[in-house]
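Coordinate inspection notes
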Amino acid sequence: MIEVNILKSGVKRTLEVPKDMGLNLMELLKGEEYESIEGTCGGMALCATCHIKVKEAAPALSGPSGDELDMLETLPFIYKESRLACQIKLNENIRNLTVELVEN
Amino acid sequence: MSIKIKTDIAIIGAGPVGLFAIFEAGLLKMRCHLIDYLPQAGGQLSEIYPKKPIYDIPGYPTVMAQELVDNLVHQAEPFNPGYTFGERIETLEKRAEKDFHLVTNLGTEIEASAVVIAGGLGCFEPRKPEVEGLTRFENGKGVNYMILDPEQYRGKKTIIAGGGDSALDWAIYLSELCSELTLVHRSESFRGTPDSVEKVMALADSGKISLHLNTNLSTVHGNGKLNGVTLLNTRSNEEVLVDTDYLVPLFGLSPKLGPMEGWGLNITKNAIEVNTDDYSTNIPGVWAIGDINTYKNKLKLILCGFHEAALMSHSVYQYIHPGVKYTMKYTTVNGISSF
Ligand SMILES: Cc1cc2nc3c(=O)[nH]c(=O)nc-3n(C[C@H](O)[C@H](O)[C@H](O)COP(=O)(O)OP(=O)(O)OC[C@H]3O[C@@H](n4cnc5c(N)ncnc54)[C@H](O)[C@@H]3O)c2cc1C
Ligand code: FES
């Protein structure tokens, strides 16, 4: 199991996810019915409706791809920790992951 | 003066499903008028993934999303549909059976015998930057989030904000029309299509575009109408005031259910409940097809929306012409009778 910490309005919640389900973080958050995560494009880095902040992560978490950076660039406001949740695969590389939800 | 339109069927949403509904209704000799907040037809396909291939449209092993939209528009042409783009339906009122009245945010009125909601995931709404007072200048007072008619900007001073392809492409296009074109982007460089980036840089070098990188919109000014914007350089912390007629923030669009929530429809989880016999809603005379509806085992797929459009059309025909018997004919038998 992988643990993912979710921060929303200052409150932390920890979710446990099996690491072999091939889920991405957008699918996890959408499944938990967080309203700010719409995931309109189904995870293709084409809509930016899954924008979140990564507050903490093990170095093994891969960085954003060119496509992800292109999409983030179109948003009116981003942070240095901004990522698209759909581009974060929940696999064995995930440790100490804490993400914060932002208004989308 | 506000515009008044009369039609058999008002279709809210010009995505693939709304477009195919024109064809299905046309076979039954019913005329359609479509309204979409986007400046173009195609819904999610043209707005989110125009250049992606789709593999599950029957009969097309693969088709590009924009090509499918173009074909649907072409296929609907014989039935002479009307289109209102760049406007959002705000109110839907049933005055009597077969007498519906719809009004857009810009005051266009549509009278229709039946209404079909093909609103997809909702109305594509612009993402707005957080600048105090920005909304004061919306609706014709200087701040636009989409470019509907480029001619409006001819000879005017315009500021475009944003770093994606649409900001770059419009900056290139409008630099020819505007008396002054300012492009504001928060980062050091652009990540758009290399060709567009090159063109913008060349236009900046030749003085046709005034380029402000590492810059955010800080304050908007004007008395009733926008006349200036203060820009903040985030590196130097210096502010400059730029005189302008228009500010166009281009930060993409994201779908929101919006005004539909207040129309008296049964809505569950952002989707309209329908009867799967004919995709009618709880309001007689109003149907909902495509991604906007929900029922047991619903699949948000284009092909399912097409099927819903066919069943809906026959049901609308019965509603508008009660008691008139209609025998379905194959298009191969009779061809298409345009009107
Ligand atoms: C990245 C991506 C890939 C996809 N791939 C596939 C695929 O391979 N195969 C497949 O079958 N499906 C796919 N889909 C899903 C498919 O795009 C949708 O099922 C389809 O777009 C639904 O069509 P629609 O006409 O119902 O709605 P939409 O395409 O969402 O169009 C609805 C339109 O209604 C307008 N609207 C809504 N409310 C109002 C209002 N009040 N006033 C004015 N206008 C309004 C909106 O602006 C919008 O343009 C994909 C979707 C995405 C995002
Ligand atoms: S779901 Fe569309 S960008 Fe992540």
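Thresholds applied
Residues numbered from 1 in each chain as written. Chains lettered and ligands numbered in written order. Predicted model: local features only at pLDDT ≥ 70, side-chain atom pairs only at ≥ 80, totals over all residues. Heavy atoms only, no water. Helix = DSSP H or I, 4+ residues; strand = E, 2+ residues; numbered from the N terminus. Rg over C-alpha atoms; globule rule 2.2 N^0.38 Å. Buried < 20%, exposed > 50% of the residue type's maximum accessible area, 1.4 Å probe, protein only. Contact = heavy atoms within 4.5 Å. Areas by Shrake-Rupley, 256 points an atom, 1.4 Å probe, with all protein chains shown as cover. Buried area = accessible area lost by both parts, 1.4 Å probe. Salt bridge = Lys/Arg side-chain N within 4 Å of Asp/Glu carboxyl O. Polar contact = N/O pair within 3.5 Å; in protein donor to acceptor, adjacent residues only side chain to side chain. Nonpolar A, V, L, I, M, F, W, Y, C, P; charged D, E, K, R; others polar. Phe/Tyr/Trp six-rings, centres within 6.5 Å; stacked < 30°, edge-to-face > 60°. Lys NZ or Arg CZ within 6 Å of the ring centre and 35° of its normal. Domains from an automatic or database assignment. Patch = residues over 30% accessible without salt bridge, like charges linked within 9 Å, V, L, I, M, F, W, Y side chains within 5 Å. Near = heavy atom within 4 Å. Pairing = 2+ DSSP bridges. Core = buried A, V, L, I, M, F, W, Y, C linked by side-chain atoms within 4.5 Å. pLDDT = per-residue confidence, 0-100.

**Looking at the overall build of chain A**
- In terms of regular secondary structure, chain A is built from two helices and five strands.
- Along the chain direction, N to C, the helices and strands of chain A fall in the order β-β-α-β-α-β-β.
- Against the 2.2 N^0.38 benchmark of 13 Å for 104 residues, chain A shows a C-alpha radius of gyration of 12 Å, consistent with a compact globule.
- When the backbone C-alpha atoms are referred to their principal axes, chain A occupies close to 35 × 30 × 25 Å.
- Put simply, chain A has 104 residues, and 48% of those count as buried.
- Residue pairs in contact within chain A that sit at least 24 positions apart in sequence constitute 62% of those at least 6 positions apart.
- Total accessible area on chain A is roughly 5,300 Å²; 47% of this is exposed by carbon and sulfur atoms.

**A short note on the interface of chain A and chain B**
- If you look at the interface, chain A gives 20 residues, while chain B gives 20 residues.
- Of the roughly 1,500 Å² buried between chain A and chain B, counting both surfaces, carbon and sulfur atoms make up 53%.
- When the area that chain A buries against chain B is broken down by residue, the three leading residues are Thr 40, Glu 73 and Pro 76 of chain A, summing to 38%.
- On inspection of chain A and its partner chain B, the count reaches three salt bridges.
- Of the charged contacts in the structure, one is a salt bridge between Arg 191 of chain B and Asp 70 of chain A, with a shortest N-O distance of 2.7 Å.
- At the boundary of chain A with chain B, the tally comes to eleven residue pairs in polar contact (both at pLDDT 80 or more).
- In the side of chain A that touches chain B, the residues fall into eleven nonpolar, five polar and four charged.

**A closer look at the packing of aromatic side chains**
- Scanning the model with the defined rule gives eleven aromatic pairs over all chains in all.
- An angle of 80° between the planes, with centres 5.2 Å apart, marks the rings of Phe 77 of chain A and Tyr 79 of chain A as edge-to-face.
- For Phe 77 of chain A, a relative accessible area of 52% translates into the label exposed.
- Its guanidinium or amino end placed over the ring of Tyr 79 of chain A, Lys 53 of chain A lies 4.0 Å from that ring's centre, counting from NZ or CZ.
- Its guanidinium or amino end placed over the ring of Tyr 326 of chain B, Lys 329 of chain B lies 5.5 Å from that ring's centre, counting from NZ or CZ.

**A few points about the domain arrangement of chain B**
- Along its sequence, chain B is carved into domain 1 (4-125 + 254-334) and domain 2 (128-251).
- For domain 1 of chain B versus domain 2 of chain B, the distance between C-alpha centres works out to 35 Å.

**Focus: a nonpolar patch on the surface**
- On the surface, Leu 299, Leu 301 and Leu 303 of chain B cluster together to form a nonpolar patch covering roughly 230 Å² of accessible area.
- Judged by its relative accessible area of 48%, Leu 299 of chain B is partly exposed.

**Some points on the site of ligand 1**
- Neighbouring ligand 1 are 36 residues; Asp 36, Gln 44, Tyr 49, Asp 56 and Asp 291 of chain B lie closest to it.
- Two or more chains meet at ligand 1, and those chains are chains A and B.
- One nitrogen or oxygen atom from the main chain of Val 17 of chain B is found 3.1 Å from an oxygen atom belonging to ligand 1.
- With the chains in place, 93% of the 1,000 Å² that ligand 1 exposes on its own is no longer accessible.
- Tallied by class, residues from the shell around ligand 1 come to 20 nonpolar, ten polar and six charged.

**What about unusual backbone geometry?**
Residues and elements named next belong to chain A.
- A positive phi angle, close to 45°, is found at Ser 9, a residue other than glycine.
- Structurally, Ser 9 can be placed in the loop between strand 1 (2-8) and strand 2 (11-17).
- For Ala 45, which is not a glycine, the phi torsion comes out positive at approximately 55°.

**With respect to the pattern of salt bridges**
- Tallied over the full model, the rule gives 19 salt bridges over all chains.
- Residues joined in a network through salt bridges with shared partners are Lys 6, Arg 95, Asp 99 and Glu 111 of chain B.

**Section: the pairing of strand 3 (residues 51-56) of chain A**
- With three bridges joining them, strand 3 of chain A and strand 4 (residues 82-84) of chain A adopt antiparallel strand pairing. Across the sheet, the residue bridging to Lys 53 of chain A is Ser 82 of chain A, located in strand 4 of chain A.

**Focus: the nonpolar core**
- Counting 72 residues, the largest nonpolar core has Ile 11, Ile 54, Leu 102, Ile 117 and Ile 289 of chain B as its most contacted members.
- Take this core: its biggest share by element is eight residues, from helix 6 (residues 302-320) of chain B.
- Apart from residues no more than four positions distant in its own chain, Ile 54 of chain B is found in contact with Leu 45, Tyr 49, Pro 61, Thr 62, Val 63, Ala 65, Leu 68 and Ile 302 of chain B.
- Counting 30 residues, the second-largest nonpolar core is a separate cluster that includes Leu 23, Met 26, Leu 28 and Leu 84 of chain A.

**With respect to the confidence of the model for chain A**
- With 100% of its residues at a pLDDT of 70 or more, chain A has an overall mean of 92.
- Here helix 2 (residues 66-73) of chain A stands out as the element of chain A with the lowest mean pLDDT, 92, in contrast to strand 4 of chain A, whose mean of 97 is the highest.

**Some words on the confidence of the model for chain B**
- Looking at chain B as a whole, its pLDDT mean stands at 95, while 100% of the residues score no less than 70.
- For this predicted complex, the interface confidence reaches an ipTM of 0.85, while the overall pTM sits at 0.92.

**What about helix 2 of chain A?**
- Every buried residue of helix 2 of chain A is listed here: Glu 68, Met 71, Leu 72 and Glu 73 of chain A.
- Contact partners of the buried residues in helix 2 of chain A: strand 3 and strand 4 of chain A.

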